[in-house]
Amino acid sequence: MSVEDVVRMVDDPLGLPFEEFCERAVRLREEYGLKPEDIPAWECPVQKWALWHGAPCRRTVERTEMCPVCGNYICPDCKNHAVEVISRITGYLQAVSGWNAGKQQELKDRHRYSGDALL
Ligand SMILES: [Zn+2]
Ligand SMILES: [Zn+2]
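Read on for a plain summary of the structure. Treat the numbers as computed from the prediction; the structure is a model and nothing was measured.

So, how was this worked out
Residues numbered from 1 in each chain as written. Chains lettered and ligands numbered in written order. Predicted model: local features only at pLDDT ≥ 70, side-chain atom pairs only at ≥ 80, totals over all residues. Heavy atoms only, no water. Donors = N, O, S within 2.8 Å, 3.2 Å for Na, K, Ca; no water. Tetrahedral: all angles 85-135°; square planar, octahedral: opposite > 155°, others 65-115°. Helix = DSSP H or I, 4+ residues; strand = E, 2+ residues; numbered from the N terminus. Phe/Tyr/Trp six-rings, centres within 6.5 Å; stacked < 30°, edge-to-face > 60°. Buried < 20%, exposed > 50% of the residue type's maximum accessible area, 1.4 Å probe, protein only. Lys NZ or Arg CZ within 6 Å of the ring centre and 35° of its normal. Salt bridge = Lys/Arg side-chain N within 4 Å of Asp/Glu carboxyl O. Core = buried A, V, L, I, M, F, W, Y, C linked by side-chain atoms within 4.5 Å. Contact = heavy atoms within 4.5 Å. Axes fitted to C-alpha atoms, helices over the stretch in contact; angles between N-to-C directions. Parallel < 35°, antiparallel > 145°, perpendicular 65-115°, else oblique. Left-handed = near helix turned anticlockwise from the far one by under 90°. Nonpolar A, V, L, I, M, F, W, Y, C, P; charged D, E, K, R; others polar.

Looking now at the coordination of the zinc ion (ligand 1). For the zinc ion (ligand 1), the protein coordination sphere consists of Cys44 (SG), Cys67 (SG), Cys70 (SG) and His81 (NE2), at 2.1 to 2.3 Å. Coordination at the zinc ion (ligand 1) is tetrahedral: its four donor atoms span angles of 104 to 114 degrees at the metal. Binding-site remark: the zinc ion (ligand 1) is held by donors from one chain whose sequence spacing is C-x22-C-x2-C-x10-H. Of this pair, cysteine 67 sits in the loop between strand E1 (65-66) and strand E2 (73-74) while histidine 81 sits in the loop between E2 and strand E3 (84-86), and the two are 14 residues apart along the sequence.

Shown next, in the form of structure tokens:
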């Protein structure tokens, strides 16, 4: 079973309330033995649910929720996975969505391999 199967299986009940939809998606994910990190943000059923319900709200949020299905940060209002938050620590705008996970890992790797100075 693949991510695509899970996504397809939860395609139908997009009209469900968010909590019910999540429960169903999490159950399916577990049935197929998938971990949250196996599901990319852009393929997450919850993201599909969010888009179906009119996301993104395009607000910059100060706090995020964690998606119960894929574990990525989501907007607490519209459940969109491509969120940007104001970091309380730095005051700067930071994109924390799963869309940027690859980029962040790339940065980490670059630091790791480029010598002690950047560690
Ligand atoms: Zn998700
Ligand atoms: Zn939102």
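Once that is clear, we can look at the packing of aromatic side chains. Overall, the coordinates contain two aromatic pairs when judged by the stated rule. Ring plane angle 35 degrees and centroid distance 6.3 Å describe the contact between phenylalanine 21 and tryptophan 49, whose orientation is recorded as tilted. Residue phenylalanine 21 is located in helix H2 (residues 18-31), and its partner tryptophan 49 is located in helix H3 (residues 45-52); the two are separated by 28 residues in the primary sequence. The burial state of phenylalanine 21 is the same as that of tryptophan 49; both residues are buried. Grouped by ring-pair contacts, the aromatic residues Phe18, Phe21 and Trp49 constitute a single cluster. Residue placement shows lysine 79 over the ring face of phenylalanine 18; its charged tip is 4.4 Å from the ring centre.

Inspection of the entire model under this criterion finds two salt bridges. Salt-bridge contacts for glutamate 65 lead to lysine 79; the nearest nitrogen and oxygen are separated by 3.3 Å. Of this pair, glutamate 65 sits in strand E1 while lysine 79 sits in the loop between E2 and E3, and the two are 14 residues apart along the sequence. Glutamate 65 sits in the partly exposed class, given a relative accessible area of 28%. According to the relative accessible area criterion, lysine 79 is buried, its value standing at 10%.

This next bit is on the nonpolar core. Counting 15 residues, the largest nonpolar core has Phe18, Phe21, Cys44, Val46, Cys67 and Val69 as its most contacted members. When residues of this core are traced back to their parent elements, those giving at least two are H2 and H3. At five residues, H2 tops the list of elements feeding residues into this core. The residues touching phenylalanine 18, leaving out its near neighbours within four places in the chain, are Val46, Trp49, Ile74 and Lys79. Grouped together as the second largest cluster of nonpolar side chains are seven residues, Ala50, Val61, Cys75 and Cys78 included.

Okay, the packing of H2 against H3 next. It is the contact of H2 with H3, at a shortest axis distance of 10 Å, that shows an interaxial angle of 155 degrees. If you check the angle between H2 and H3, you find them roughly antiparallel. Where H2 crosses over H3, the handedness of that crossing is right-handed. When H2 is examined against H3, the residues Phe18, Phe21, Cys22 and Ala25 are found in contact with a partner set consisting of Pro45, Val46 and Trp49. The residue inventory of the contact of H2 with H3, partitioned by class, reads seven nonpolar, no polar and no charged.

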